[in-house]
Amino acid sequence: FPRARAARARNLRLLRDAAIAAFMGRYVITELIRFSYSRPRPFEVLADARQIIEHATGGSFPSGHAALSFAVATAVAFYYPKTSIFFFLAAFSIGVSRVAAGIHWPSDILAGAIVGIATAWIIRHLLLSVSV
């Protein structure tokens, strides 16, 4: 079944790209930025901010959740552009929920999205140049 083999290979490349981009965006790049720049969370600064979920203080910028989810959505977009719409909607929803929970500022989410998208794009192009 050559078509099934091709689809399996494509899905394995997608999984590889998404995993590497998500890991690098969330656990390497965002942590390097947080190490350089410590920003307080909204519930630490605003008296009327409602913290819906428990979270440690500090390290708000950029959002690791946004970086991870947008990295995965971008990796999916390279292989399945139409399906990626659902992944981007989910990533956006995650970001909105983090702001609504009082854990992040909107700019944290935007920066995390930029980190995730850029990381996935860089990983994709690095892996393409290596495999050719």
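Rules of the game
Residues numbered from 1 in each chain as written. Predicted model: local features only at pLDDT ≥ 70, side-chain atom pairs only at ≥ 80, totals over all residues. Heavy atoms only, no water. Helix = DSSP H or I, 4+ residues; strand = E, 2+ residues; numbered from the N terminus. Buried < 20%, exposed > 50% of the residue type's maximum accessible area, 1.4 Å probe, protein only. Contact = heavy atoms within 4.5 Å. Areas by Shrake-Rupley, 256 points an atom, 1.4 Å probe, with all protein chains shown as cover. Lys, Arg positive; Asp, Glu negative; His and termini not counted. Charge placed at Lys NZ, Arg CZ, Asp CG, Glu CD. Patch = residues over 30% accessible without salt bridge, like charges linked within 9 Å, V, L, I, M, F, W, Y side chains within 5 Å. Salt bridge = Lys/Arg side-chain N within 4 Å of Asp/Glu carboxyl O. Expected span 1.5 Å × (residues − 1).

### Things to note about the overall build of the protein
Then comes step 1: When helices and strands are tallied, the protein shows five helices and zero strands.
Then comes step 2: The linear arrangement of helices and strands in the protein, starting from the amino end, is α-α-α-α-α.
Then comes step 3: Burial statistics for the protein: of 132 residues in total, 36% are counted as buried.
Then comes step 4: Nonlocal contacts in the protein, meaning residues at least 24 apart in sequence, comprise 74% of its contacts between residues at least 6 apart.
Then comes step 5: Counting only carbon and sulfur atoms, one obtains 71% of the accessible surface of the protein, whose full area is about 8,100 Å².
Then comes step 6: Here the protein contributes 14 positively and 6 negatively charged side chains, and the mean placements of these two sets differ by 20 Å.

### As for a nonpolar patch on the surface
Then comes step 1: Residues I85, F86, F87 and L89 make up a contiguous nonpolar surface patch of about 430 Å² in total accessible area.
Then comes step 2: Following the sequence through the fold, L89 ends up in helix α4 (residues 81-100).

### Observations concerning helix α1 (residues 2-36)
Then comes step 1: Between the first and last C-alpha of α1 there are 49 Å, a value that for 35 residues agrees with the 51 Å anticipated at 1.5 Å per step.
Then comes step 2: Residues L14, D17, A18, A21, A22, G25, R26, T30 and R34 constitute the buried set of α1.

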